[in-house]
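Secondary and tertiary structure notes
Each chain, letter by letter, is given below.
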Amino acid sequence: MISYMELNEQNHKITELSNVLSYLINERSICDTTVSCELFFRYMAMVREHLEIEERELYQELLVHEDNDVRNTGRKFLSGSGEIKRVFGQYMKRWCKGKELRIRDHAAFVDDTREIFSLVTRRIDDEVVHLYPTLLDGGHIPMHAHAA
């Protein structure tokens, strides 16, 4: 099972990448460089992986918990995960072809990308404030990873 510390580390890396990419996307000539594309697709993969880990390892216990508030927290985060994936899919369809960015309108790309970053940042904040305390209080996730 994933630990609280591992989840926080994932969130930290996602936030760090979004901060770097926020600067890079401002300059049109940098957007389609190999390095920027690699960072961009790494960010997208990290967010997807984080959501999938949470779905696989965290929500099931919450969804069957005896406490209705805990079940509601699980439903809320599972629903939010699906919504983020849907928005990501639309975004990728609009701006990507395979592993390449297709930027025809730079200003629109920057706006859409900032919205994606904002959506993920809000999600991370919600996890820290609402999801992780629920999981820690109920003993659903360990604080630290156990050595194998």
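Residues numbered from 1 in each chain as written. Predicted model: local features only at pLDDT ≥ 70, side-chain atom pairs only at ≥ 80, totals over all residues. Heavy atoms only, no water.

Another aspect to go through is the packing of helix α5 (residues 68-95) against helix α6 (residues 106-137). Put simply, α5 and α6 touch, their axes get as near as 11 Å, and they point 165° apart. When the axis of α5 is compared with that of α6, the two are roughly antiparallel. Judged by the twist between their axes, the crossing of α5 over α6 is left-handed. A per-class count over the contact of α5 with α6 returns 13 nonpolar, six polar and six charged. (Axes fitted to C-alpha atoms, helices over the stretch in contact; angles between N-to-C directions. Helix = DSSP H or I, 4+ residues; strand = E, 2+ residues; numbered from the N terminus. Parallel < 35°, antiparallel > 145°, perpendicular 65-115°, else oblique. Left-handed = near helix turned anticlockwise from the far one by under 90°. Nonpolar A, V, L, I, M, F, W, Y, C, P; charged D, E, K, R; others polar.)

All right, on to α6 then. A rise of 1.5 Å per residue sets the reference length of α6, with its 32 residues, at 46 Å; its end C-alpha atoms lie 45 Å apart and thus fit the reference within 8%. If you look at α6, its biggest bend is around 45°, right at glutamate 127. Near the N-terminus of α6, the side chain that reaches the backbone nitrogen of alanine 107, with its oxygen 3.3 Å away, is that of aspartate 105. Glycine 139 sits one or two positions beyond α6 and adopts a positive phi of about 70°. (Expected span 1.5 Å × (residues − 1). Bend = angle between axes of the 7 residues up to and from the residue. Polar contact = N/O pair within 3.5 Å; in protein donor to acceptor, adjacent residues only side chain to side chain.)

Under the definition given, this model contains seven aromatic pairs. Three or more aromatic residues link up through ring pairs in this structure, and these residues are Phe40, Phe41, Tyr91, Trp95 and Phe109. (Phe/Tyr/Trp six-rings, centres within 6.5 Å; stacked < 30°, edge-to-face > 60°.)

Attention shifts here to the nonpolar core. Formed by 29 residues in total, the largest nonpolar core has its most connected members in Phe40, Tyr43, Phe88, Tyr91, Leu101 and Phe109. Secondary-structure elements contributing two or more residues to this core are α1 (4-24), α3 (34-57), α5 and α6. Those residues in contact with phenylalanine 88 that sit more than four places away from it in its chain are Tyr43, Met44, Val47, Ile116 and Val120. Of all hydrophobic cores here, the second largest spans 13 residues; its members include Leu7, Ile53, Tyr59 and Tyr132. (Core = buried A, V, L, I, M, F, W, Y, C linked by side-chain atoms within 4.5 Å. Buried < 20%, exposed > 50% of the residue type's maximum accessible area, 1.4 Å probe, protein only. Contact = heavy atoms within 4.5 Å.)

Confidence along the protein averages 91 in pLDDT terms, with 97% of residues attaining 70 or more. Mean pLDDT across the elements of the protein bottoms out in helix α4 (residues 59-63) (86) and peaks in α1 (95). (pLDDT = per-residue confidence, 0-100.)

With that settled, consider the environment of serine 36. Tracing the backbone shows serine 36 in helix α3. By relative accessible area, serine 36 is classed as buried at 5%. The sequence separation of serine 36 and glutamate 9 amounts to 27 residues, and the corresponding C-alpha distance is 22 Å. Not counting the four nearest positions on each side in its chain, serine 36 is found in contact with Leu21, Leu24, Ile30 and Cys31. A polar contact of 2.9 Å, which involves the side chain of serine 36, links it to the backbone oxygen of isoleucine 30.

Below, the discussion takes up α1. For α1, built from 21 residues, the straight-helix expectation of 30 Å at 1.5 Å per residue is met to within 8% by its first-to-last C-alpha distance of 30 Å. Buried residues of α1: Tyr4, Leu7, Gln10, Asn11, Ile14, Leu17, Ser18, Leu21 and Ser22, and no others. Buried residues of α1 fall within an arc of 160° about the axis and therefore sit on the same side. Looking at the packing, one finds that the buried side of α1 touches α3 and α6. (Arc of directions from axis to C-beta.)

This brings us to the pattern of salt bridges. Tallied over the entire structure, the rule returns eight salt bridges. Across the salt bridge formed by arginine 123 and glutamate 54, the nearest N and O atoms sit 3.2 Å from each other. A residue pair is termed long-range when its members are at least 10 positions apart, and arginine 123 in helix α6 and glutamate 54 in helix α3 qualify at 69 residues. What makes arginine 123 buried here is its relative accessible area of 8%. Across the pair glutamate 100 and arginine 102 runs a salt bridge, and its minimum N-O distance is 3.2 Å. (Salt bridge = Lys/Arg side-chain N within 4 Å of Asp/Glu carboxyl O.)

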